[in-house]
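# Coordinate inspection notes
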Protein chains: 2
Amino acid sequence: MKLTHPDFAHSRSRYERYGASNSESIMPSASAVSRTRPSFATWLGTTNDITRTFLSAGGVPGLINMGGGLPEPGTFPVPEIARLAGEAVKAHPGQVLGYGPIEGLPELRDALAKRFSTPTTRLSRDNVFVTSGGMQGLDLLGKVLLDEGGLVAGQFPTYLGALDAWRPRQPAFRNMELDDPAFDAHVALAGAQFAYAVPNFSNPTGRMVPLATRKALVAAAHCTGTWLVEDDPYGLLQYDGEPLPRLIDISALGSDGTTYTGPVIYMGTLSKEIAPGLRIGWVIAEPEMIMALTMAKQGSDLCTSGLTQHIALAALEAGLIDRIQPLLLSTYRARRDALCDAMRTELGGWFEWEVPVGGMFVWAIARDPALDTDLLLHHALEAGVCVSPSSVFDAAGRNRRAIRINFTLNEPDRLAEGVRRLAEALVTMQARKP
Amino acid sequence: MKLTHPDFAHSRSRYERYGASNSESIMPSASAVSRTRPSFATWLGTTNDITRTFLSAGGVPGLINMGGGLPEPGTFPVPEIARLAGEAVKAHPGQVLGYGPIEGLPELRDALAKRFSTPTTRLSRDNVFVTSGGMQGLDLLGKVLLDEGGLVAGQFPTYLGALDAWRPRQPAFRNMELDDPAFDAHVALAGAQFAYAVPNFSNPTGRMVPLATRKALVAAAHCTGTWLVEDDPYGLLQYDGEPLPRLIDISALGSDGTTYTGPVIYMGTLSKEIAPGLRIGWVIAEPEMIMALTMAKQGSDLCTSGLTQHIALAALEAGLIDRIQPLLLSTYRARRDALCDAMRTELGGWFEWEVPVGGMFVWAIARDPALDTDLLLHHALEAGVCVSPSSVFDAAGRNRRAIRINFTLNEPDRLAEGVRRLAEALVTMQARKP
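Residues numbered from 1 in each chain as written. Chains lettered and ligands numbered in written order. Predicted model: local features only at pLDDT ≥ 70, side-chain atom pairs only at ≥ 80, totals over all residues. Heavy atoms only, no water.

## Describing the pairing of strand E7 (residues 264-269) of chain B
Residues and elements named next belong to chain B. Here is the rule we go by: Only protein chains enter the accessibility calculation, which uses a 1.4 Å probe; a residue is then buried when its area is under 20% of its type maximum, exposed when over 50%, and partly exposed in between. Strands are runs of DSSP state E lasting at least 2 residues, helices are runs of H or I lasting at least 4, and numbering of each runs from the N terminus. Pairing between strands requires that DSSP locate at least two bridges from one strand to the other.
Counting buried positions along E7 yields six of six residues, so the element is predominantly enclosed. Residues of E7 alternate between two faces, with Val 264, Tyr 266 and Gly 268 on one and Ile 265, Met 267 and Thr 269 on the opposite face, all of them buried. In terms of strand pairing, strand E6 (residues 227-231) meets E7 through four bridges, oriented parallel. Across the sheet, Asp 231 pairs through a bridge with Met 267, a residue of E7.

This is the structure in structure tokens:
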């Protein structure tokens, strides 16, 4: 199957011509663009458009999209959201249709504070910041914490979107080897602006950070002062076993019972719990960080839509998340199992993987260390299936040995067909080897 | 009247402690915060929270808010939006509740291309980019065009939000003296990354850029290659006289009849035409710029809500903007006149101003060059009225001789009372002079 789709493996080069050195960037550069226009900012020369391709892959006829982290649209609570939307406009026209506070709708901040409070984690409105989706939290975090070249301690391979968000500030990254028995959290965090982890079903690997490592990260954050970012979009999507405590809850255990002032910055989103199209996320942190994020959001999008915030508030108050969670869990558990079954049949000779206990992805590492998954993607797209190559989860783009396969968007037989096409692509790639 | 409201005149100092030099910023700085935490990014030490204060001023009992650029909530088409919101969710659940293309909903891009096309300005979907409100367009523009210290040619005093958006990239500014008969557009634009103008009822001055100057700016942009940003949130809010051609339409006059590829970047928003709470704006530019903005938005908020985009699309298709415009114009024209009448009675001895033919603001310059409007604001807040001091529209914060007064949010008698309180504040300030 030949697709008229942008070629992932070559997508980086499209933007290379935007690049210019800092010293040249305010002068017109005839070589950079076809007309005599000023160059684009330097970071654009180092980016990739893979997320954009995932989001538009739905429009490619016949393609099985196992690349992005997209939910099953059949799980969206359509009649409820339709009703809540109309009611929100009529009941709160001024808040829904006017400008609102930058930090978010006060009632939504209160509801989120209540949702994430525990007997020992005391949260008030001042700990809560509403974002236009989870990605905006990552962007604003970079904006308030990173000067150019600032140091970030990251859990690699890491979320592609976090790399996208921080790329314009060209941070330096230090890898936290969380799975290494010799991992020293204090050494990993010391001197970094912040540490970034996805403790639950990490994107892309699907792994859970064990309790002992969670405790060590929190202790190191308290000791070194380094901010510890806990990104938790998948927390509720756990298919087996028991949840582990959040980093922020571990951090609050030692507090004096007043409003949270510790170093953990907890991030979440309605995108995986209800629907991405609402573009509602949140950051929970100590009040000084919330104030800094507010200054950053003032110059980014002024405020999040009052309409989507009121829908989110009504959904929280009506218990909508709890009501749809059983459907999400049963749907995605069955799809994970279908994907892993198909992989065992078709891909066991090529890759090895762990069955993830939660999240949206299986992370498969090639048995052959020389297998290049950027190249595999090229063949996969020709075969009519899209997966994510490991290079995009690596700040330097060097890891080319693994793939991330999403199991939430497609039904079991489509997943099986996608895996079959991937096996076909592997055979084709092998056959064409020089 | 004593208010428990944040003191505007002192609001800058609250963030000064966030500041740190670049070289120190990745190390914990005990002096910067009370605990041993890494410093915030440098730009936070140079910002102000006046927009935040405007947006929350509605919550201060008794305060007459003539500071922000807020619309009259009575003009919001509440029943229509409530209906469109419910219909959008039911008719397009996948697009409304799922992730969408970063560039925006294709149908909305088509509708905007059609709206802004003329017989000589040919626009296609590839010329149109949807933003989460007008502010996001400014933020993303800075993101794709400014490396640290990049040069911006600006029309000063200028929109506070543009300064907020670009502040993290610490640009250098060159003032375009558009009202100076000797203004040389070529000299003003040469070597700048972009020029920024609000040709219609510029915020804060309310002035229209005359036709000859519009033509000169466009000619200079074509000649030098410098991007020319035309920010046009108030274009439809014209109370007297005839509209002047848009910069992008002047630029397209000389084109060959194909899709627009000129240097003008046209920005607009539904915030002043329908309602701010939808958070829908747009950028119209040549396709390469749209592609760069797409890469920037990928790492900022991934995509704008499908719900608000579908409401915007339905509103455009239903002609909602045209239907509510007469109400907007008659309401705001009467309020502008009421404000200027009250100013003539109460403030004529203190200030001089022109009656604006459009927009949301009167710009009043003190007759006494030594009058400090930062200080005046302090007294004005005590007297129960809020206006914008000129310092916030100046990148260096040096202009302290003028105020911007909004006339769209308050009814005529509240405007008159606000002006009376402002006169009272002037008398108090004069009396307390050392």
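What follows picks up the thread again.
## Focus: the relation of the copies chain B and chain A
Note the threshold: The fit set for superposing copies consists of C-alpha atoms from residues with pLDDT of at least 70 in both; the fit itself is least squares.
Overlaying chain B with chain A gives an RMSD of 0.0 Å, the required rotation being 180° about an axis along which the chain moves by 0.0 Å. Each copy turns onto its partner about a two-fold axis. Taking C-alpha positions as reference, the residue of chain B nearest the rotation axis is Gly86(B), located at 2.6 Å.

## Quick look at the environment of Ser117(A)
Residue and element names in this part refer to chain A. To be explicit about the condition: Pairs of N or O atoms are called polar contacts if they sit within 3.5 Å, as long as, within protein, a hydrogen donor faces a hydrogen acceptor (for residues adjacent in sequence, only side-chain-to-side-chain pairs).
By secondary structure assignment, the location of Ser 117 is in the loop between helix H4 (106-116) and strand E2 (128-131). Taking C-alpha positions, Ser 117 is 10.0 Å from Thr 259, a pair spaced 142 residues apart along the chain. Engagement of the side chain of Ser 117 in a polar contact is seen with the backbone nitrogen of Leu 123, the distance being 3.3 Å.

## Focus on the sheet that holds strand E9 (residues 351-353) of chain A
All names here are of chain A. In space, the four strands of this open sheet follow the order E9-E10-E13-E12, with antiparallel pairing throughout. If you trace the sheet from one side to the other, it starts and ends with E9 and strand E12 (388-389), each paired once. Alignment of E9 against strand E10 (residues 361-366), held across three bridges, turns out to be antiparallel. The residue of E10 that forms the bridge with Trp 353 is Ala 364.

## Quick notes on the pattern of salt bridges
Where side chains of opposite charge bring their charged atoms close, a pairing between them can arise. Residues and elements named next belong to chain A. Quick note on the threshold: The salt bridge definition used is simple: a Lys or Arg side-chain nitrogen within 4 Å of an Asp or Glu carboxyl oxygen.
With the rule as written, the count across this model stands at 39 salt bridges over all chains. Asp 374 is the salt-bridge partner of Arg 400, the closest N and O atoms lying 3.1 Å from each other. Of the two residues, Arg 400 sits in the loop between E12 and strand E13 (402-406) while Asp 374 sits in helix H13 (residues 373-383), which places them 26 residues apart along the sequence. Across the pair Arg 420 and Glu 424 runs a salt bridge, and its minimum N-O distance is 3.4 Å. In this pair, Arg 420 and Glu 424 both sit in helix H14 (residues 412-431), four residues apart, roughly one turn of the helix. In the salt-bridge network here, residues are joined through shared partners; they are Glu 417, Arg 420, Arg 421 and Glu 424.

## Overview of the interface of chain B and chain A
Test applied: What makes two residues a contact is simply this: any of their non-hydrogen atoms within 4.5 Å. Joining two parts hides part of their accessible area as seen by a 1.4 Å probe, and the buried area is that hidden amount summed over both. Under the scheme applied here, ten amino acids are nonpolar (Ala, Val, Leu, Ile, Met, Phe, Trp, Tyr, Cys and Pro), four are charged (Asp, Glu, Lys and Arg), and all others, including Gly, are polar.
At the junction of the two partners, chain B supplies 98 residues and chain A supplies 98 residues. Summed over both sides, the interface between chain B and chain A buries roughly 7,900 Å², with carbon and sulfur atoms accounting for 61% of that surface. Taken together, the links from chain B to chain A amount to two salt bridges. Measuring nitrogen to oxygen at the nearest pair gives 3.8 Å for the salt bridge that ties Glu286(B) to Arg37(A). For the pair chain B and chain A, the number of links is 26 residue pairs in polar contact (both at pLDDT 80 or more). Elements that contribute at least two residues to the side of chain B that touches chain A include exactly helix H1 (50-56), helix H2 (78-91), helix H3 (93-97), helix H5 (134-145), helix H6 (160-166), helix H10 (287-298) and helix H11 (306-317) of chain B. By residue number, the principal contributor to the side of chain B that touches chain A is H10(B), which donates eight residues. Looking at the side of chain B that touches chain A residue by residue, the classes come out as 46 nonpolar, 33 polar and 19 charged.

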